[in-house]
Amino acid sequence: MKRTVVAMFALCAFSVFAQAQSGRDSFIQQQAYAAMQRITGQIDVLQSNIDELSARVSRLESASSADDVAALRSRIASLESTVATLRKELASQRGEIVKDLSARLANMPQAKSPSQSTRSETVSSGPYREYAVAPGDNLWLIAKAFNTSVAKIREMNGLKNDNLKVGQKLKLPMD
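Position numbers for residues start from 1 in each chain and track the written sequence from start to end. Local features are withheld for residues below a pLDDT of 70 in this predicted model, meaning they are given only at 70 or higher, and side-chain atom pairs are given and counted only at 80 or more; totals for whole chains, interfaces and linings count all residues. The basis for every side-chain value is the complete set of heavy atoms in the structure, and neither hydrogens nor water enter the calculation.

Caption draft 1: Spotlight on the overall build of the chain. Secondary structure counts use DSSP, requiring at least four H or I residues in a row for a helix and at least two E residues in a row for a strand, with both numbered from the N terminus. A count of helices and strands for the chain gives five helices and three strands. Start at the N end of the chain and walk to the C end: the helices and strands fall as α-α-α-β-β-α-α-β. Type-normalised accessible area, obtained with a 1.4 Å probe on protein chains alone, sets the label of each residue: buried when under 20%, exposed when over 50%, and partly exposed for intermediate values. A buried classification covers 15% of the 175 residues belonging to the chain. Excluding contacts between residues fewer than 6 apart, the proportion of contacts in the chain whose partners are at least 24 apart in sequence is 54%. When the accessible surface of the chain is summed, it comes to about 13700 Å², and 57% of that surface belongs to carbon and sulfur atoms. We call two residues in contact whenever any of their non-hydrogen atoms come within 4.5 Å of each other. Using a 1.4 Å probe, accessible areas were evaluated by the Shrake-Rupley method; residue-level cover was limited to the displayed protein chains.

Structure follows, in structure tokens:
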């Protein structure tokens, strides 16, 4: 097949060359030669692709025997069984993790807000009381618990930001 196409192409190219020699300029001759080389390369690529496809078809035809198909089906069934087993183990492990985390959360001490915590209040001379900052406290919670504002607590204590330390003594208005 390749030889037939190449022979037909060569005949056409020869005709173009003959026309070019019989009075056409050398530019046409060069273009015809370049076209012939390009087409020859394309024919070689096509032939190579045909050969490769033929080889693949032959391999597929020889590999599709009943024994090979049965072996593949058996392998697929084995893999499906393994996947099912792994899914069950994963579900079981997830359940155990959830149960463990739930137990840990249930046993953790709850952080107390200022309204829940035991306050160490002492009334000092002046229109304020002292409050010792407990773990989990912040200015907003303290202000809410003592019916005041964050701005008022900042002002009374000279605070420039909301950062508090556990045990820090704050002055709170008596209002």
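The rest of the description comes next.
Caption draft 2: Unusual backbone geometry, seen in detail. We note that Asn147 has phi near 55°; this positive angle belongs to a residue other than glycine. Along the chain, the position of Asn147 falls in the loop between helix 4 (139–145) and helix 5 (150–157).

Caption draft 3: Focus on the pattern of salt bridges. We count a salt bridge whenever a side-chain nitrogen from Lys or Arg sits within 4 Å of a carboxyl oxygen from Asp or Glu. Scanning the entire structure with this criterion turns up one salt bridge. Its salt-bridge partner being Arg154, residue Asp162 comes within 2.5 Å of it at the nearest N-O pair. Judged by its relative accessible area of 41%, Asp162 falls in the partly exposed class.

Caption draft 4: Examining the environment of Lys165 more closely. Note on placement: Lys165 falls in the loop between helix 5 and strand 3 (169–173). For the pair Lys165 and Val133, spaced 32 residues apart in sequence, the C-alpha separation works out to 6.7 Å.

Caption draft 5: Examining the nonpolar core more closely. Counting 12 residues, the largest nonpolar core is built from Tyr131, Val133, Ala134, Leu139, Ile142, Ala143, Phe146, Val150, Ile153, Leu159, Leu170 and Leu172. Of all elements in the fold, only helix 4, helix 5 and strand 3 reach the threshold of two or more residues within this core. In terms of residue count, helix 4 provides more of this core than any other element does, three residues in total. As used here, the term nonpolar core means buried Ala, Val, Leu, Ile, Met, Phe, Trp, Tyr and Cys residues forming a set that is joined through side-chain atoms within 4.5 Å.

Caption draft 6: Local environment of the packing of aromatic side chains. When two rings of Phe, Tyr or Trp (its six-membered ring) have centres within 6.5 Å they constitute a pair, described as stacked for plane angles under 30 degrees, edge-to-face for angles over 60, and tilted for the intermediate range. Tallied over the full model, the rule gives one aromatic pair. For a ring to carry a charge above it, either NZ of a lysine or CZ of an arginine must fall within 6 Å of the ring centroid while also lying within 35 degrees of the normal to the ring plane. For Lys171, the ring lying beneath its charged end belongs to Tyr128, and the centroid distance is 5.0 Å.

Caption draft 7: A look at the confidence of the model for the chain. Mean pLDDT over the chain stands at 75; residues scoring 70 or higher make up 65%. Per residue, pLDDT measures the predictor's confidence, with a range of 0 to 100. The low-confidence segment residues 117–125, where pLDDT is below 50, has 19 contacts with residues more than four positions distant or belonging to other chains.

Caption draft 8: Just the environment of Asp137, in detail. Looking at the element boundaries, Asp137 is found in the loop between strand 2 (128–132) and helix 4. Within polar-contact distance, the side chain of Asp137 engages the side chain of Tyr131 at 2.4 Å. Each polar contact in these results corresponds to two N or O atoms within 3.5 Å; when the atoms are within protein, one needs to be able to donate a hydrogen and the other to accept it, and residues that are neighboring in sequence are counted only if both atoms are side-chain atoms.

Caption draft 9: Structural detail: the pairing of strand 2. Taking burial as the measure, the five residues of strand 2 include four buried ones, the bulk of the element. Strand pairing requires that DSSP identify at least two bridges connecting the strands. Where strand 2 and strand 3 come together, five bridges link them in antiparallel fashion. In the strand pairing of strand 3, Tyr128 is matched with Pro173.

Caption draft 10: Up close: the environment of Gly158. For Gly158, the position within the fold is in the loop between helix 5 and strand 3. Sequence separation between Gly158 and Lys171 is 13 residues, and the spatial gap between their C-alpha atoms is 9.9 Å.

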